[in-house]
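Take a look at the letters that make up each chain.
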Amino acid sequence: MQAEKHLKWAAEQNDDRIAFRLDGELSRDTLLPLWNEFQKREQRSSFLSEQQIADKNISWDLSQVSRIDSAGFALLCDLLHYCQAKKNADKTLLLENVPPQLLTLADLVGLADWIKPYLK
């Protein structure tokens, strides 16, 4: 019997920082709810709205990510790109507690140099 795959996310916000936490598998099998929430324009007010992230330092804590595949890596890159484009230039955007799988995938697809500035 296979263990059920899941992905949970949460955001903790204070005056100048938003900390996003991912928990579980970031994979093709689990990312659809997160992708849908990110893509739905009417829900952006509660998740990654331009107003929410523009003047915040943003961190993505991946310490509880148990597995990441190429689809999960692609989504994470899309989220990073979106946040980078919407945040003010004087604010930071970081990946924390990055699993080795993410670094391997970045290297395999030629994005190791692109992702390096986001690593803490």
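Residues numbered from 1 in each chain as written. Predicted model: local features only at pLDDT ≥ 70, side-chain atom pairs only at ≥ 80, totals over all residues. Heavy atoms only, no water.

- The name given to the protein chain in an unreviewed UniProt entry is Phospholipid transport system transporter-binding protein, and the organism recorded there is Basfia succiniciproducens.

1. Here we look at the pairing of strand E2 (residues 17-26)
Piece 1. Along E2, 7 of the 10 residues are buried, which leaves the element largely enclosed by surrounding structure.
Piece 2. Summarising the sheet, strand E1 (residues 7-13) and E2 pair through 7 bridges and their orientation is antiparallel. When the sheet's bridge partners are listed, leucine 7 is paired in E2 with glycine 24.
Piece 3. The antiparallel pairing of E1 with E2 creates a hairpin that spans 3 residues between the two strands.
Piece 4. Two elements, E2 and strand E3 (residues 57-68), share 9 bridges in a ladder whose sense is parallel. Residue pairing across strands places alanine 19 opposite serine 59, the latter belonging to E3. (Buried < 20%, exposed > 50% of the residue type's maximum accessible area, 1.4 Å probe, protein only. Helix = DSSP H or I, 4+ residues; strand = E, 2+ residues; numbered from the N terminus. Pairing = 2+ DSSP bridges.)

2. Remarks on the side chain of lysine 91
Piece 1. Checked against the element boundaries, lysine 91 lands in the loop between helix H3 (70-86) and strand E4 (93-96).
Piece 2. For the buried lysine 91, no salt bridge is present, and the opposite-charge side chain at shortest range is aspartate 90, 4.4 Å distant. (Lys, Arg positive; Asp, Glu negative; His and termini not counted. Salt bridge = Lys/Arg side-chain N within 4 Å of Asp/Glu carboxyl O.)

3. Section: the pairing of E3
A regular strand places its side chains so that they alternate between the two faces of the sheet.
Piece 1. Bridge analysis of E3 against E4 gives 4 bridges, and the strand direction is parallel. Residue pairing in the sheet places serine 59 in a bridge with leucine 94 of E4.
Piece 2. At this point the chain moves from E3, through H3, to the parallel E4, and the crossover so formed is right-handed. (Right-handed = clockwise from strand over helix to strand, strands pointing away.)

4. Topic: the packing of aromatic side chains
Piece 1. Scanning all chains against the criterion turns up 2 aromatic pairs.
Piece 2. With a centroid separation of 4.5 Å and 20° between ring planes, the pair formed by phenylalanine 20 and tryptophan 60 is classed as stacked. Here tryptophan 60 lies in strand E3 and phenylalanine 20 lies in strand E2, a separation of 40 residues in the sequence. (Phe/Tyr/Trp six-rings, centres within 6.5 Å; stacked < 30°, edge-to-face > 60°.)

5. A closer look at the sheet that holds E1
Piece 1. Pairing is mixed in the open sheet, where 4 strands are placed in the order E1-E2-E3-E4. Each edge of the open sheet carries a strand with a single partner, namely E1 and E4. In this sheet, neighbouring strand axes are inclined to one another by 15° on average, regardless of whether the strands run parallel or antiparallel.
Piece 2. Against the sheet, H3 touches E2, E3 and E4, its axis set at about 180° to E3. (Axes fitted to C-alpha atoms, helices over the stretch in contact; angles between N-to-C directions. Contact = heavy atoms within 4.5 Å.)

6. Observations concerning helix H4 (residues 100-108)
Piece 1. Within the span of H4, buried status applies to Leu102, Leu105 and Ala106. In a view along the axis of H4, the buried residues occupy a sector of 100°, so they form one face of it. For H4, the exposed residues set more than 90 degrees away from the buried face come down to Pro100, Asp107 and Leu108.
Piece 2. Turning to H4, the residues buried within the fold contact E3, H3 and helix H5 (112-115). (Arc of directions from axis to C-beta.)

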